[in-house]
Number of protein chains: 4
Amino acid sequence: MQHSSLLLQLSPSSGEPIYRQLIEQIKRMIASGQLNAGDYLPSVRQLAVELEVNPMTISKAYGFLESHGDVSRIRGKGMMIAELAHEENVAARLQKLSPLAEILVQQCQQLGLNKQQTLEWLTHKLEKELK
Amino acid sequence: MQHSSLLLQLSPSSGEPIYRQLIEQIKRMIASGQLNAGDYLPSVRQLAVELEVNPMTISKAYGFLESHGDVSRIRGKGMMIAELAHEENVAARLQKLSPLAEILVQQCQQLGLNKQQTLEWLTHKLEKELK
Amino acid sequence: MQHSSLLLQLSPSSGEPIYRQLIEQIKRMIASGQLNAGDYLPSVRQLAVELEVNPMTISKAYGFLESHGDVSRIRGKGMMIAELAHEENVAARLQKLSPLAEILVQQCQQLGLNKQQTLEWLTHKLEKELK
Amino acid sequence: MQHSSLLLQLSPSSGEPIYRQLIEQIKRMIASGQLNAGDYLPSVRQLAVELEVNPMTISKAYGFLESHGDVSRIRGKGMMIAELAHEENVAARLQKLSPLAEILVQQCQQLGLNKQQTLEWLTHKLEKELK
DNA sequence: GTGGTCTAGACCACG
DNA sequence: GTGGTCTAGACCACC
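In short, a report on the structure.

Cut-offs used in this document
- Residues numbered from 1 in each chain as written.
- Chains lettered and ligands numbered in written order.
- Predicted model: local features only at pLDDT ≥ 70, side-chain atom pairs only at ≥ 80, totals over all residues.
- Heavy atoms only, no water.
- Helix = DSSP H or I, 4+ residues; strand = E, 2+ residues; numbered from the N terminus.
- Buried < 20%, exposed > 50% of the residue type's maximum accessible area, 1.4 Å probe, protein only.
- Contact = heavy atoms within 4.5 Å.
- Axes fitted to C-alpha atoms, helices over the stretch in contact; angles between N-to-C directions.
- Parallel < 35°, antiparallel > 145°, perpendicular 65-115°, else oblique.
- Left-handed = near helix turned anticlockwise from the far one by under 90°.
- Buried area = accessible area lost by both parts, 1.4 Å probe.
- Salt bridge = Lys/Arg side-chain N within 4 Å of Asp/Glu carboxyl O.
- Nonpolar A, V, L, I, M, F, W, Y, C, P; charged D, E, K, R; others polar.
- Near = heavy atom within 4 Å.
- Polar contact = N/O pair within 3.5 Å; in protein donor to acceptor, adjacent residues only side chain to side chain.
- Expected span 1.5 Å × (residues − 1).
- Least-squares fit on C-alpha atoms with pLDDT ≥ 70 in both.

So, about the overall build of chain A. Helices and strands together make up the secondary structure of chain A, namely 6 helices and 2 strands. Helices (α) and strands (β) of chain A occur, in sequence order from the N terminus, as α-α-α-β-β-α-α-α. The 131 residues of chain A split such that 42% are buried. Across chain A, every contact between residues at least 6 apart in sequence was considered, and the portion connecting residues at least 24 apart equals 58%.

Right, let's get into the packing of helix α2 (residues 44-51) of chain A against helix α3 (residues 55-67) of chain A. The description of two packed helices rests on the angle between their axes and on the distance between the axes. Residue and element names in this part refer to chain A. Two numbers describe how α2 lies on α3: the axes approach to 8 Å, and their chain directions differ by 120 degrees. The angle between α2 and α3 falls in the class oblique. In this structure, α2 crosses over α3, and the sense of that crossing is right-handed. On α3, the residues that touch Val44, Leu47, Ala48 and Leu51 of α2 are Pro55, Ile58, Ser59 and Tyr62.

At the interface, 42 residues of chain C touch 42 residues of chain D. When the buried surface of chain C facing chain D is broken down by residue, Gln110(C), Leu111(C) and Trp121(C) rank first, second and third, together holding 17% of it. At the junction of chain C and chain D, the tally comes to 2 salt bridges. For the salt bridge of Lys115(C) with Glu127(D), the shortest nitrogen-to-oxygen distance reads 3.4 Å. Looking at the side of chain C that touches chain D, the elements that each hand over two or more residues are α1 (18-31), α4 (90-95), α5 (98-111) and α6 (115-129) of chain C. Per element, the largest residue contribution to the side of chain C that touches chain D is 12 residues, and it comes from α5(C). Considering only residue class, the side of chain C that touches chain D consists of 20 nonpolar, 14 polar and 8 charged.

So, about the protein's contact with DNA strand E. Within the structure, DNA strand E sits among 25 residues, and Arg45(A), Pro17(B), Tyr19(B), Ile18(D) and Asn54(D) are positioned closest to it. In DNA strand E, atoms within 4 Å of the protein come 68% from sugar and phosphate. Side-chain polar atom of Ser59(A) to a phosphate oxygen of DNA strand E: 3.1 Å apart, as the coordinates give it. Within the side chain of Tyr19(D), an N or O atom sits 2.9 Å from a phosphate oxygen of DNA strand E. Within the residue set of the surface near DNA strand E, elements represented by two or more residues are α2, α3 and β2 (78-81) of chain A, α3 (55-67) of chain B together with α1 (18-31) and α3 (55-67) of chain D. Of the residues that constitute the surface near DNA strand E, the class distribution is 11 nonpolar, 8 polar and 6 charged.

Attention shifts here to helix α6 (residues 115-129) of chain B. All names here are of chain B. If you check α6, its first and last C-alpha atoms are 21 Å apart, about what 15 residues at 1.5 Å a residue would give, namely 21 Å. Here α6 has its buried residues at Thr118, Leu119, Trp121, Leu122, Lys125 and Leu126. Where α6 begins, the side chain of Asn114 points an oxygen toward the backbone nitrogen of Gln116, at a separation of 3.2 Å.

Moving on, we come to the relation of the copies chain C and chain D. Overlaying chain C with chain D gives an RMSD of 0.3 Å, the required rotation being 178 degrees about an axis along which the chain moves by 0.1 Å. Viewed as a symmetry operation, the transformation between the two copies matches a two-fold axis. With an isologous cut-off of 70% or more, the 100% of interface residues of chain C that recur at the interface of chain D puts this contact in the isologous class.

Moving on, we get to the protein's contact with DNA strand F. Around DNA strand F, 23 residues are found, and the nearest of them are Ile18(A), Asn54(A), Thr57(A), Pro17(C) and Tyr19(C). Considering DNA strand F, the proportion of its atoms within 4 Å of the protein that are sugar or phosphate atoms stands at 68%. Within the side chain of Thr57(A), a nitrogen or oxygen atom sits 2.7 Å from a phosphate oxygen of DNA strand F. Between DNA strand F and Tyr19(C), the relevant distance is 2.6 Å, taken from a phosphate oxygen to a side-chain nitrogen or oxygen of the residue. Elements represented by at least two residues in the surface near DNA strand F include exactly α1 (18-31) and α3 of chain A together with α2 (44-51) and α3 of chain D. When grouped by side-chain class, the residues that make up the surface near DNA strand F number 9 nonpolar, 8 polar and 6 charged.

The residue Gln110(C) is located in helix α5 in this model. Within the local environment of Gln110(C), its side chain forms a polar contact with the side chain of Arg28(D), the two groups lying 3.0 Å apart. Each residue touching Gln110(C), except ones within four places of it in the same chain, is listed here: Leu7(D), Leu8(D), Gln25(D), Arg28(D), Met29(D), Ser32(D) and Gln34(D).

Okay, structure coming up:
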């Protein structure tokens, strides 16, 4: 049972609304199995304190996740990852990176970069953070 | 010299405001040398028709570029790439991809993907579009 | 005299809290004489099992009914329909449908339906269930 | 083009959240053709003043309608009834009364009322308000 | 304890 | 002008 500090990172000034960032990040954590069916999300108030945002902002994100069937509201207990939210395989998870890849390709074209230059640089970047 | 159809791709529904998409894309094309000092941008009206966007939106983007010194408004002729807008070297251009790389790393972590899986997939994606 | 399965139908997902549904339904059954003074309500545990609801929820409803004088808590025996809970005449019972009628009228107006269409359809619906 | 006072009636104390009441009522008005594709809803601020509720409450309702495809947000102009929102025939509209009819039947049963009594009374009620 | 709703008022982004 | 987001703080309902 998961009930506390998730690996959530907000960019309050990114233009992307905070509640949207939360939705997308939590969805990814469900897809990857870091959050499993039956786990509980942190409570609205707790997460609001941790992330230093207004509880209503958290609530808005949770509401969206509920209305899309990703989590279920359990009266008096909190928000539980829905049963039908299943762990997806690696290929399916990679697929979720597609929108990013499209942007990457477009920006590389406009910067006049070639494939090799880009990949070397990306490899360097990823090595610092991922294993 | 350059006065017509640029390689601009808009995502009207992406949340990213259209005029902002234009600014960033044109800046990248200047940085990469696809647009050179002295070249003219397409006219507001022409670009508005091409991209099926309100002329005000184009105008707003051009105004932004002018106020940041990237282009100069030449009365009666249009918007010209400014003299001081210099072609940057490859390293500097790659640096412009950094924000994207940060998002990429974060999404990979949340999707539970490792470096190798991600790079193989990205290589595949880039090969289809870049040379 | 009456001690078991009442004609209670719950809509757990209806927004209307469960304990409130219980209260209103039991009150109507008292008003109509389907539950008479001296009858006993099903035990909290029994009803909880039948309706697949948390016993606390039943208990809350019973507590409410007691505090409003509709039933009396008889130690060691259960909840008994109170003496002063009287059978109301038909007109009074129909009056209890008024809130529903108001909603019905409003929804018909917004759906652009006229009186005749609505009544024909309601007649059809009622015929299937009532005698 | 519709841009002002709709026939909306709120029951602030009904338990049913205000934004939900708005959603359901507007949906019904679309179904009945009182709001047609291309019409604009009143602006958030205008409706907030008319109904004496907080603009955010209106905005919440509009957001839901948009996310369900009933209306489209037109930048700088407001919320427009979506093209695919079609006028439904009478039978389909009557069908939307079904949830109400089920509650009606249940309450009549529990009040020990018969079909004839109920219909006479409903006829009387409807005559006063509908034509 | 849990989430849900609402208010009042502020600021932002877009056209 | 339009809608969107966020805050701070209040109150409610359910368990």
